[in-house]
Amino acid sequence: MPLIKDGRIVEDEWVAVADGEPVPADRPAIVTFERWQAERASFDGRNAALGVRVKSGTLAPAIAPDLDRFALVAIEFPKFRDGRGFSTARELRERYGYEGEIRAVGHVIPDQYRFLLRTGFTSAEAPENTNPESWAHALTEITVAFQPSLDDPQPLSLLRRRLGS
Amino acid sequence: MNHIAPGRNAGVYSYDDIDRRFVAERVEQFRAQVERRLSGELTEDEFKPLRLMNGLYLQLHAYMLRVAVPYGVLTSRQLRKLAEIGRKYDKGYGHFTTRQNLQFNWIKLEDTPAILHELAEVDMHALQTSGNCVRNVTTDQFVGAARDEVVDGRVYAEILRQWTTLHPEFTFLPRKFKIAIMGSDADRAAIRVHDVGVFAKRNERGEVGFTFYVGGGLGRSPFIGKLIRDWVPEEDFVAYLEAILRVYNQYGRRDNIYKARIKILVHELGQEKFTREVEEEFARLRGPKYRLAPEIVDEIRRRFGGPAFETLTDEPESFQAAKAANPDFARWVAVNVLAHKVPGYAAATISLKPAGGIPGDATSEQMELVADLADAHSFGELRVSHVQNLVLAHVRQDALFTLWTALEANGLGTPNAGLIGDIIACPGLDYCALANARSIPLAQAISARFADPARQQAIGELGIKISGCINACGHHHVGAIGILGVDKKGEEFYQITVGGDPTLTTAIGDILGPAVTADETVDAIEAIVEVYLSNRHDGERFIDTLKRVGHGPFKERVYAAH
Amino acid sequence: MALNDQSSNEAVLKAITANRLRDGEVIFLAPGPDLRWVERLDDAALFEDAATDAALAAAKAQAEGEQFAVDVYAFDLRVADGQRVPVKTRERIRALGPTVRIDLGKQAAA
Ligand code: HEM
Ligand code: SF4
């Protein structure tokens, strides 16, 4: 599936590893949070970057203790209407200070891209055959925001303001 | 750009360039979404939440567009635009709703971007009038006018409107989220049947703070909102709501649409545990980022301006003389006019409930007339009430007679605010795709049966509320008499409840007995009223008599013929 | 299929309906192999129960595939004295217009 970063389709250097499949030792790999919990010792001494994929029902506090082990957290959207991931990402950033990549996986649409960035996501997995223009366009079509957010660190001065960029 | 001079359309938040730019961008965004839908880039499943966030539903006959009237306050210019849209894109009328908005019933998807563009010309939009996001915040229709007002709720409702607009974290909630706010001790906004109901108050030092009720709601499982905090200081207003929504977004049920509202979460976690979760989240969120600084509040308040009231006295002679000379006018004043906080002024309710009429409907011509009257008599400002009427909030008492004469001549002078003819009815099966039964014809039959204004006045305060299905858009649970449409083997039947109360003493009505047909329902209402009149003590309201004598006599009479 | 006593001699047939995507208009599947849609129930194709599923699947595939219509489904109706009367009030109102505004909707154009 195409990976979107900074409004463009980019090469994905990560490999998503299904449960039961061997985890490549020499390249960045994403495993499920369940597998991480069951086999965590097996990752000791790993050199390549490790990412974890969490279901929408797995909230930030559950993964917080292990965050320093992950260079990437992939948050699943089973349906694009399931908005729990927005809170999870924001909590990872604001409450737990996580600075690695946060990726939206599953079903997200370009119309949510700005929300994703504003809650702390850095990349998004788009559906096959997605229209890349819609993602690029999503970055510029709304230039006003009414809340402080992660892509705009100034505190709530007046409620609405122009977004930087 | 047409600038709204402060004091002219007093009491309506005035947009600046940033606000306008936002709404314009949002219109273009929706235009692109419609194009992507029509081209097939977006599936219906993906498009639906996007169109709902712009207030666009698909109903029985066409699309329905719900235009936001933020906290129910609008200018005459905005109302004229609504009239024009009704004429140009709809069939010459609109429907005012219990959430203080306006719905058009015959809209084409392909016209919607153009309609939204026209709305933007008068600083209006349809944002977040539907969908699983925070909806239009509602408040007292007498805000800024009522004598009992402690805090001007508009300012905080506007703050909420801004803060919830395209909130990045809370636009895909488990379910819709409705907030109401009251700035006086009386409850004219059904605070405790909202997802979040807020009372704004002042402490001994005169500082503003808020009491929070959470988890109220009607629908399939009605709940009365629970008190979760008695005092949230003004500066924490946004942070506290952010905490509530965070807890809801994370823990609200998403497996079953009927259990997805926050009321179910509060119920399942229990008031105590829910409150603890919110308080913990709040403790973390509290800080500079979400602090609502006094400068923000002042700036927003400034943008409302304020009507330039004159120094007058109450009950001027000409007003008294008009009442004495004209009993119909005197009745309208007694029923539809409320005392104002400024001497010499009054707040007048324009009933959209003529006997036999469709509750809440107004033609484009009526809207234009009311806009003219608002210009002439109420600083160019008017309100939509949650009982689906219009309000001119700042009318000079010595102008009331002129106002009434104009209303009367155009079928808008019905003296029934708060009386039995002032029925709330949802669109029901005549328009709504989810309905079990029609609501409007029943409202028409009941208001026609009780058409006599003297009889209505004699009966006194008695709210009838009708919903065409269990979603309860007509608030039937909190009607003194509530009526719910049900489907019995393909026939329309109606279940009657009594004893509901939307005010501070919130109560959910009890079912009186088996559902009956539409005709029988009208007779049943008549029977209930007779039992009330023959049992009531002097000055006793219907719900008080009901409380005192119990359901027995009512039930007996209603079902006697069966 | 349960029928009311008084009408048990009239067969219950089905018609296929949807809302047109671009304007929301209520439409019905017309007779014929080319999957056309019409605005009036009188012009709609009627199906025996057994034939409905296949027709509905085809209509759905066409309407959704071509972004032409949404909410495609079949409903019951009876034909009495040449009049097509949907069994459910909901479908009667959809085919005609609001009962409280008989000046509006399909009933008005008749
Ligand atoms: C005609 C299209 C409409 C549709 C499809 C619709 C749909 C719904 C649904 C599904 C609910 C229940 C939501 C839930 O409990 O989760 C609901 C609730 C509600 N609706 Fe509507 N509605 C419509 C029109 C209206 C109108 C015209 C009004 C105002 C007159 C209205 C006011 C309300 C209110 C106040 C509630 C809240 C009841 C509660 O607290 O649960 N709706 N609506
Ligand atoms: S109560 Fe039911 S019938 Fe009435 S508008 Fe709401 S969803 Fe429709």
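Conventions adopted
Numbering of residues starts from 1 in each chain and follows the order in which that chain's sequence is written. A letter from A marks each chain and a number from 1 marks each ligand, given out in the order of writing. Restriction of local features to residues with pLDDT of at least 70 applies here, the model being predicted, together with a cutoff of 80 or more for giving and counting side-chain atom pairs; totals for whole chains, interfaces and linings are based on all residues. The basis for every side-chain value is the complete set of non-hydrogen atoms in the structure, without hydrogens or water. Strands are runs of DSSP state E lasting at least 2 residues, helices are runs of H or I lasting at least 4, and numbering of each runs from the N terminus. Radius of gyration here uses only the C-alpha atoms, and the compact-globule reference equals 2.2 Å multiplied by the residue count raised to the power 0.38. What makes two residues a contact is simply this: any of their non-hydrogen atoms within 4.5 Å. Values of accessible area rely on a 1.4 Å probe in the Shrake-Rupley scheme; residue burial ignores everything except the protein chains shown. Remark: exposure states derive from per-residue accessible area (1.4 Å probe, protein chains only) relative to the maximum for the residue type, with buried under 20%, exposed over 50%, and partly exposed in between. One heavy atom within 4 Å of a molecule or strand makes the whole residue count as near it. Whenever two N or O atoms come within 3.5 Å, that pair is a polar contact, provided that in protein one can donate a hydrogen and the other can accept it, and provided that, for residues adjacent in sequence, both atoms are side-chain atoms. Lys, Arg, Asp and Glu make up the charged group, whereas Ala, Val, Leu, Ile, Met, Phe, Trp, Tyr, Cys and Pro make up the nonpolar group; the residues left over, Gly among them, are polar. UniProt positions are given in the numbering used here, feature names are shortened, and annotations may be inferred rather than shown by experiment. Any carboxyl oxygen of Asp or Glu that lies within 4 Å of a side-chain nitrogen of Lys or Arg is treated as forming a salt bridge with it. Put simply, buried area is how much 1.4 Å-probe accessible surface two parts lose in total, over both of them, once they are put together. By convention here, the domain bounds are inherited from an automatic or database domain assignment. Throughout, nonpolar core names a set of buried Ala, Val, Leu, Ile, Met, Phe, Trp, Tyr and Cys residues whose side chains join them through atoms within 4.5 Å. By this definition, two strands are paired if DSSP reports at least two bridges between them. pLDDT is defined as a per-residue confidence score from the predictor, taking values between 0 and 100. Fitting a line to C-alpha atoms yields each axis, with helices limited to the stretch in contact; the angle taken between N-to-C directions then spans 0 to 180 degrees. Roughly parallel refers to an angle under 35 degrees, roughly antiparallel to one over 145, roughly perpendicular to one between 65 and 115, and oblique to any angle outside these ranges. The hand of a helix crossing depends on one turn: near helix anticlockwise from the far one by less than a right angle means left-handed, and clockwise means right-handed.

- As recorded by an unreviewed UniProt entry, chain B carries the name Nitrite/sulfite reductase and is attributed to Azospirillum aestuarii.

## Regarding the overall build of chain C
(1) Moving on: Broken down by element type, chain C carries 3 helices and 5 strands.
(2) Moving on: A compact globule built from 110 residues should have a C-alpha radius of gyration of about 13 Å, and chain C, at 14 Å, falls within 12% of that.
(3) Moving on: A principal-axis box enclosing the C-alpha atoms of chain C has dimensions of 40 × 35 × 20 Å.
(4) Moving on: Residue pairs in contact within chain C that sit at least 24 positions apart in sequence constitute 52% of those at least 6 positions apart.
(5) Moving on: Element-wise, carbon and sulfur atoms account for 49% of the exposed surface of chain C, whose accessible area totals about 5600 Å².

## Remarks on the overall build of chain B
(1) Moving on: When you go through chain B residue by residue, the secondary structure sums to 18 helices and 20 strands.
(2) Moving on: Rg of the C-alpha trace for chain B: 23 Å, near the compact-globule value of 24 Å for 562 residues, within the 12% margin.
(3) Moving on: Each of the three principal axes of chain B carries a C-alpha extent, and together these read 60 × 60 × 55 Å.
(4) Moving on: Each of the 562 residues in chain B was classed as buried or not, and the buried ones make up 64%.
(5) Moving on: The contacts of chain B with a sequence gap of at least 6 include a subset with a gap of at least 24, amounting to 68%.
(6) Moving on: Put simply, chain B shows about 19000 Å² of open surface, and 52% of that area lies on carbon and sulfur atoms.

## So, the arrangement of the chains
(1) Moving on: When the 2 pairs of chains in contact are ranked by number of contacts, first place goes to chains A and B.
(2) Moving on: One finds no contact between chain A and chain C; the C-alpha atoms of the two approach each other to within 16 Å at their closest.

## Points about the site of ligand 1
All names here are of chain B.
(1) Moving on: Lining the immediate environment of ligand 1, one finds 24 residues, of which Thr98, Lys176, Lys178, Leu218 and Cys473 sit closest.
(2) Moving on: Residue Leu218 places a main-chain N or O atom 3.0 Å away from an oxygen atom belonging to ligand 1.
(3) Moving on: Separating an oxygen atom of ligand 1 from a side-chain N or O atom of Arg261 is a distance of 3.1 Å.
(4) Moving on: Grouping the constituent residues of the shell around ligand 1 by class yields 9 nonpolar, 9 polar and 6 charged.

## Describing the UniProt feature "domain: Nitrite/sulphite reductase 4Fe-4S" (unreviewed entry) in chain B
All names here are of chain B.
(1) Moving on: The sites that carry the UniProt feature "domain: Nitrite/sulphite reductase 4Fe-4S" (unreviewed entry) are, in the present numbering, residues 130-283 and 423-558.
(2) Moving on: The straight-line gap between the two end C-alpha atoms of residues 130-283 is 31 Å; of that span, 31% is helix and 18% is strand.
(3) Moving on: End C-alpha to end C-alpha, residues 423-558 measures 20 Å, and it is 37% helix and 18% strand.

## Quick look at unusual backbone geometry
All names here are of chain B.
(1) Moving on: Unlike most non-glycine residues, Asp123 shows phi in positive territory, near 60°.
(2) Moving on: Examined against the element boundaries, Asp123 turns out to sit in the loop between helix H4 (112-121) and strand E6 (138-139).
(3) Moving on: Phi at Gln388 takes a positive value of approximately 70°, unusual for a residue other than glycine.
(4) Moving on: Relative to the helices and strands, Gln388 is located in the loop between strand E14 (381-384) and strand E15 (390-396).
(5) Moving on: Note on Gln388: relative accessible area 1%, which makes it buried.

## Brief notes about the side chain of Asn203 of chain B
(1) Moving on: Topologically, Asn203 of chain B is positioned in the loop between strand E8 (196-202) and strand E9 (208-214).
(2) Moving on: At 3.0 Å, the side chain of Asn203 of chain B forms a polar contact with the backbone nitrogen of Arg205 of chain B.

## What about the interface of chain C and chain B?
(1) Moving on: With 22 residues of chain C at the interface, the matching set in chain B holds 29 residues.
(2) Moving on: The interface formed by chain C and chain B contains 1 salt bridge.
(3) Moving on: The salt bridge partner of Arg22 of chain C is Glu110 of chain B, with a shortest N-O separation of 3.3 Å.
(4) Moving on: Summed over the shared surface of chain C and chain B, the number is 7 residue pairs in polar contact (both at pLDDT 80 or more).
(5) Moving on: Elements with a minimum of two residues in the side of chain C that touches chain B: strand E1 (12-20), strand E4 (69-80) and helix H2 (89-96) of chain C.
(6) Moving on: Here the residues of the side of chain C that touches chain B are counted per class, giving 7 nonpolar, 7 polar and 8 charged.

## Quick look at the interface of chain A and chain B
Quoted interface sizes are often the accessible area lost when the parts come together.
(1) Moving on: Counting from both sides, the interface comprises 39 residues of chain A and, opposite them, 48 residues of chain B.
(2) Moving on: Both faces combined, the contact of chain A with chain B buries some 4100 Å², and carbon together with sulfur accounts for 57% of it.
(3) Moving on: Between Glu242 of chain B and Arg90 of chain A there is a salt bridge whose closest N-O contact spans 2.6 Å.
(4) Moving on: Across the chain A-chain B interface, the total number found is 23 residue pairs in polar contact (both at pLDDT 80 or more).

## Concerning the site of ligand 2
(1) Moving on: With respect to spatial proximity, the complete set of residues near ligand 2 consists of Cys426, Pro427, Gly428, Cys432, Leu434, Ala435, Ser467, Gly468, Cys469, Asn471, Ala472 and Cys473 of chain B.
(2) Moving on: Here the residues of the shell around ligand 2 are counted per class, giving 8 nonpolar, 4 polar and no charged.

## So, the domain arrangement of chain B
Residue and element names in this part refer to chain B.
(1) Moving on: Split by domain assignment, chain B resolves into domain 1 (17-66 + 89-121), domain 2 (138-304), domain 3 (317-409) and domain 4 (424-558).
(2) Moving on: Averaged C-alpha coordinates put domain 2 and domain 4 at centres separated by 30 Å.
(3) Moving on: Between domain 2 and domain 4, roughly 1000 Å² of surface is buried when both sides are summed, and carbon and sulfur atoms account for 72% of that area.
(4) Moving on: Summed over the three residues of domain 2 that lose the most area to domain 4, namely Asp187, Leu218 and Ile224, the buried surface amounts to 39% of that side.
(5) Moving on: Counting across the interface, domain 2 meets domain 4 through 0 salt bridges.
(6) Moving on: Linking domain 2 to domain 4 there are 2 residue pairs in polar contact (both at pLDDT 80 or more).

## Some remarks on H2 of chain C
(1) Moving on: Every buried residue of H2 of chain C is accounted for by Thr89, Glu91, Ile93, Arg94 and Ala95 of chain C.
(2) Moving on: In the core, the buried residues of H2 of chain C are packed alongside strand E19 (491-498) of chain B together with E1, strand E2 (26-29), E4, strand E5 (83-86) and helix H3 (106-109) of chain C.
(3) Moving on: Remark: Gly97 of chain C follows H2 of chain C within two positions and exhibits a positive phi of approximately 135°.

## Observations concerning the nonpolar core
Residue and element names in this part refer to chain B.
(1) Moving on: Ranked by size, the top nonpolar core spans 158 residues in total, and within it Phe212 and Ile244 carry the most contacts.
(2) Moving on: Broken down by element, the residue count for this core peaks at 10 residues, all from helix H6 (residues 237-251).
(3) Moving on: Other than its neighbours up to four places away in sequence, Ile244 contacts Phe177, Val196, Phe212, Val214, Ile228, Ile262, Phe274 and Val278.
(4) Moving on: Listed in part, the 34 residues of the second largest apolar core include Leu462, Leu512, Ala524 and Val531.

## Re the pairing of strand E17 (residues 464-467) of chain B
Residues and elements named next belong to chain B.
(1) Moving on: By the alternation rule, side chains of E17 split into Ile464 and Ile466 and Lys465 and Ser467, which are all buried.
(2) Moving on: Relative to E17, strand E16 (residues 424-425) runs parallel, the two being bridged by 2 bridges. Its bridge partner being in E17, Ile424 is matched across the sheet by Lys465.
(3) Moving on: As paired elements, E17 and strand E18 (residues 481-488) share 4 bridges and run parallel to each other. Within E18, the position partnered with Ile466 by the bridge is Ile483.

## Looking at the pattern of salt bridges
(1) Moving on: As enumerated under the stated definition, the model contains 79 salt bridges over all chains in all.
(2) Moving on: The closest approach of N and O atoms between Glu158 of chain B and Arg161 of chain B, which form a salt bridge, is 2.9 Å. Placement of both Glu158 of chain B and Arg161 of chain B in helix H5 (residues 153-164) is noted, with a separation of 3 residues, approximately one turn of the helix. Arg161 of chain B carries the same exposure label as Glu158 of chain B, and that label is buried.
(3) Moving on: Asp103 of chain C is the partner of Arg101 of chain C in a salt bridge, and the nearest nitrogen-oxygen pair spans 3.0 Å.
(4) Moving on: Given the relative accessible area of 44%, Asp103 of chain C is considered partly exposed.
(5) Moving on: What you see here is one network of salt bridges that share partners, running through Arg90, Glu91, Glu94 and Arg95 of chain A together with Glu169, Glu242, Arg246, Glu281, Arg284 and Lys289 of chain B.

## Thoughts on the confidence of the model for chain B
(1) Moving on: Per-residue confidence for chain B gives a mean pLDDT of 93, with 98% of residues at or over 70.
(2) Moving on: Every residue in residues 1-8 of chain B is under pLDDT 50, and counting partners more than four places away or in other chains gives 10 contacts.

## Notes on the packing of helix H3 (residues 76-89) of chain B against H4 of chain B
Two quantities define a packed helix pair, namely the angle between the helix axes and the distance between the axes.
Residues and elements named next belong to chain B.
(1) Moving on: At a minimum axis distance of 10 Å, the contact between H3 and H4 shows a crossing angle of 160°. Compared by their axis directions, H3 and H4 come out roughly antiparallel. Crossing hand, H3 versus H4: right-handed. Facing H3, whose interface residues are Arg77, Lys81, Leu82, Glu84, Ile85, Lys88 and Tyr89, H4 presents Ala114, Ile115, Glu118, Leu119 and Glu121.

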